[in-house]
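Fold and geometry: a report
These are the residues of each chain, in order.
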Amino acid sequence: MTAAGRERRWAVVVLAGLALLALLPLARPRDDVLNFVFLVLLSITLAEAWNIVAGYAGQVNLGHAAFFGIGALVTRMLWMEGVPVLAAMVAGAVTATVFALVIGAAAFRLRGAYFAIGTLALGEILRTTVGTVLPEISTLPAATIAGYRLTLRYYLALGLAAISVVAVAMLATSRLGLGMRAIREDEEAAEASGVGTLALKLIALALSTALAGLAGGLFAYYHISYYPAHGFGPQWTFDALLMTFIGGVGTLQGPVFGAVLYVVLKEYLALHWVDIHLLIFGALFVAIVLLLPGGLVQGVERVRGMLGRRG
Amino acid sequence: MSVLTQQLVLGVLIGGLYGLAATGLSLVFGVMRVLNVAHGELIMLGGYGAFWLAALLGVDPFAALLVVVPAALLFGALLYWGLFSFVVRAHEEARVKNSLLIGFGLALALHALAVRLWTADERAIPTPYSGAVLSVGDLAIPVVRLATLAIALGLTVALQLLLAHWRWGKAIRATAEDWQAALLTGIDVRRAYVLAFALGTGLAGAAGTLVTVAYSVSPAIGLEWTLKALIVVVLAGLGSMLGTFVGGVVLGVAEAASAATFGGPYREIVGLVIFVVVLVVRPRGLFGR
């Protein structure tokens, strides 16, 4: 099967799974179940967004949290001022994207490790600035809390996860996606054969940060109270990175599997090994990177290959 | 005026530790093309090593260096064999990504381990001479911090000499320049990698000890020190250890100046902004080749 065909098939599988999850609130589950699935869905969006830049265009962006944070900040501020939440989220995503394009024009002069550490510093600059300028916790007014609907947030997360999967599927099967993969494999060779590398990298970054901004907006809509700087915390970058690599970077289904496994594993370990769950988690993660550099997707393929040979 | 001067002096003093923290990272990155984002966690562990020696056995924190640094060298060699030797097998592009991933996993695990062993509290090592101050005019120079600056400079010079004159130091430099050419001339590149990584970790251990005696240590300082070290590495460029040390002092002074001008919380930001500007304008750093 061609790569494009495989991506399309996986997109259908994932979307079917998401459609099933749409039925979940009808079963009137406990709130903690809905919150848990919400977290998985938000993680899928965040990981797929990161995957566009890292997996397809091959640029390890360690400033992902900055765009999530901008989306959250702008959405929260506008929404508290009375702007409808969807409009506020779009405004947040647009702000994140515009910022990304300005930054990207400079940051993409850097290659490899320098791009990674440059973007990491950028995220930290924003986190410290926001933490200094807005040190107060942001809490919803009592009236809003009284009308808080978890199901509504759940469906927004579901829609956002679906949008991100569709976006990656369309990208992966398009000329744009092909050009990005050419950059990932060999930037000089791509440039020499007429691929407009800077423009393509900027498009990848714009798409990725728009999704990250939307995810941030949803986070701001979901949480009753949080510190504005929290949205800029490096953990949003690292989570997205870990989920994407655990699943399989540069594939459509990888970040989805990675996000599910990551959230389930982290919650499970936190519940059963309270003290040392991060220790186990870190060690496990290192083991996955060493033993399965292509992530779960590669693991599944390897097993399938072995079965195929036997059959 | 004297307040500003005082701030700048304190900036120089902490800048020396930034420089020492960065030499270890610079060595590993320059030689192996591996970006060890857990470098700050190694510094943190070094600090707790000294803390333990002081709290349990009553060892003087400066004397603790004689135990912590060899232990860190050994730990570095073990980390190399256990984890990073797998990373250097990949080609250079993949190395950066894989080392980031392993570094994150390692940072997470070491942070959790430190919280488990020493709790999340901030720890310091009080000594009889902790409060000693050297007065120069209106300036007050804390003796302990002055000593840490001197030791940091001494270690950097020692490293520079080691790389310049020792047989394996030359091998390490040759590997950094072009590992394939080094391999062809008969250099055991793998051994150069182990040595570079062990030395980098040893320097992190020394930096951690000095940080703990002059300031304090907590499990959460890892990322902060990784960032400082990264900033200095980019500021100074690869290839010169003394240049890296100077880069650290420059960062310390810049932070102090900005804290004095804009207020405390902004000291971090100015360092990072300088970093991004240098990165974009001069990607090879100020002293890089």
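Residues numbered from 1 in each chain as written. Chains lettered and ligands numbered in written order. Predicted model: local features only at pLDDT ≥ 70, side-chain atom pairs only at ≥ 80, totals over all residues.

**Some remarks on the overall build of chain B**
- Looking only at helices and strands, one finds eleven helices and two strands in chain B.
- Counting helices and strands in the order they occur from the N terminus, chain B gives α-α-α-α-β-β-α-α-α-α-α-α-α.
- With the C-alpha coordinates aligned to their principal axes, the bounding extent of chain B is approximately 60 × 45 × 35 Å.
- The proportion of buried residues among the 289 residues of chain B is 55%. (Helix = DSSP H or I, 4+ residues; strand = E, 2+ residues; numbered from the N terminus. Buried ≥ 20, exposed ≤ 12 C-beta atoms within 10 Å, placed from the backbone.)

**What to know about the overall build of chain A**
- Along chain A, the regular secondary structure elements total 14 helices and two strands.
- For chain A, the C-alpha radius of gyration of 19 Å lies close to 19 Å, the compact-globule estimate for 311 residues.
- Projected onto the principal axes, the alpha-carbon positions of chain A cover approximately 60 × 45 × 35 Å.
- In chain A, which comprises 311 residues, the share counted as buried stands at 48%.
- Long-range pairs, those at least 24 residues apart, make up 80% of the contacts in chain A between residues at least 6 apart in sequence. (Rg over C-alpha atoms; globule rule 2.2 N^0.38 Å. Contact = placed C-beta atoms within 7 Å.)

**Things to note about the nonpolar core**
- Judged by nonpolar contacts, the single largest core of 203 residues is most densely connected at A:A215, A:L218 and B:A196.
- With 15 residues, helix α8 (residues 189–214) of chain B is the largest single contributor of residues to this core.
- When residues no more than four places from it in sequence are discounted, the contact partners of B:A196 are B:L27, B:V28, B:V31, B:M32 and B:I172. (Core = buried A, V, L, I, M, F, W, Y, C linked by C-beta atoms within 7 Å.)

**Quick word on helix α2 (residues 31–56) of chain A**
Residues and elements named next belong to chain A.
- For α2, built from 26 residues, the straight-helix expectation of 38 Å at 1.5 Å per residue is met to within 8% by its first-to-last C-alpha distance of 36 Å.
- Along its length, α2 reaches its greatest deviation from straightness, about 30°, at W50.
- G58 sits one or two residues past α2 and shows a positive phi near 75°. (Expected span 1.5 Å × (residues − 1). Bend = angle between axes of the 7 residues up to and from the residue.)

**Overview of the interface of chain A and chain B**
- Counting from both sides, the interface comprises 33 residues of chain A and, opposite them, 35 residues of chain B.
- The leading source of residues in the side of chain A that touches chain B is helix α5 (residues 112–133) of chain A, at 13 residues.

**Notes on the environment of B:L251**
All names here are of chain B.
- Locating L251 in the fold gives a position in helix α10 (residues 241–262).
- Overall, L251 belongs to the buried group, with 26 C-beta atoms counted inside 10 Å.
- Taking C-alpha positions, L251 is 7.7 Å from Y18, a pair spaced 233 residues apart along the chain.
- The contacts of L251, once residues within four sequence positions are left out, are G15, Y18, K228, I231, V232, L235 and G271.

**Focus on the environment of A:L126**
Residue and element names in this part refer to chain A.
- Along the chain, L126 turns up in helix α5.
- By C-beta crowding, L126 is classed as buried, having 23 other C-beta atoms within 10 Å.
- It is 9.6 Å that separates the C-alpha atoms of L126 and G63, two residues lying 63 residues apart in sequence.

**Side note on the pairing of strand β2 (residues 139–142) of chain B**
- Bridging between strand β1 (residues 133–136) of chain B and β2(B) involves four bridges; their strand directions are antiparallel. Across the sheet, residue B:V133 finds its bridge partner in β2(B), namely B:P142. (Pairing = 2+ DSSP bridges.)

**Considerations on helix α13 (residues 277–291) of chain A**
- In this model, α13(A) (15 residues) spans 21 Å end to end at C-alpha, consistent with the 21 Å of a helix rising 1.5 Å per residue.
- All of the buried residues along α13(A) are A:L278, A:L279, A:F281, A:G282, A:F285, A:V286, A:I288 and A:V289.

**Section: the packing of helix α3 (residues 64–80) of chain A against helix α10 (residues 197–222) of chain A**
Residues and elements named next belong to chain A.
- Where α3 contacts α10, the two axes come as close as 7 Å, and the packing angle between them is 50°. Considered as vectors, α3 and α10 are oriented oblique to each other. The two elements α3 and α10 meet at a crossing, and its hand is right-handed. Between α3 and α10, the contacting residues are H64, F67, F68, G69, I70, G71, A72, T75, R76 and W79 on the first element and T209, A212, G213, L214, A215, G216, G217, F219, A220 and Y221 on the second.
- Grouping the constituent residues of the contact of α3 with α10 by class yields eleven nonpolar, eight polar and one charged. (Axes fitted to C-alpha atoms, helices over the stretch in contact; angles between N-to-C directions. Parallel < 35°, antiparallel > 145°, perpendicular 65-115°, else oblique. Left-handed = near helix turned anticlockwise from the far one by under 90°. Nonpolar A, V, L, I, M, F, W, Y, C, P; charged D, E, K, R; others polar.)

**Here we look at unusual backbone geometry**
Residues and elements named next belong to chain B.
- Here R33, not a glycine, exhibits a phi torsion of approximately 55°, which is positive.
- Examined against the element boundaries, R33 turns out to sit in the loop between α1 (2–32) and α2 (39–57).
- The buried category is assigned to R33, around which 20 C-beta atoms lie within 10 Å.
- Of note in this structure, T119 is not a glycine but carries a positive phi near 60°.
- For T119, the location among the structural elements is in the loop between α4 (92–118) and β1.
- With 11 C-beta atoms packed within 10 Å, T119 lands in the exposed category.

**So, the packing of helix α9 (residues 221–236) of chain B against α10(B)**
All names here are of chain B.
- Where α9 meets α10, the axes come as close as 8 Å, and the angle between the chain directions of the two elements is 115°. The way α9 lies across α10 gives a crossing that is right-handed. Contacts between α9 and α10 involve K228, I231, V232, V233, L235 and A236 on the former and, on the latter, G243, T244, V246, G247, G248, V250 and L251.
- Here the residues of the contact of α9 with α10 sort into eight nonpolar, four polar and one charged.

**Re the environment of B:V96**
- Along the chain, the position of B:V96 falls in helix α4.
- Among residues more than four places away in sequence, those in contact with B:V96 are A:G112, A:A113, A:A116, B:R33 and B:L35.

**Notes on the confidence of the model for chain B**
- Taken residue by residue, chain B gives an average pLDDT of 85. The fraction at 70 or more is 96%.
- Taken over the whole predicted complex, pTM reads 0.84, whereas the ipTM for its chain interfaces reads 0.76. (pLDDT = per-residue confidence, 0-100.)

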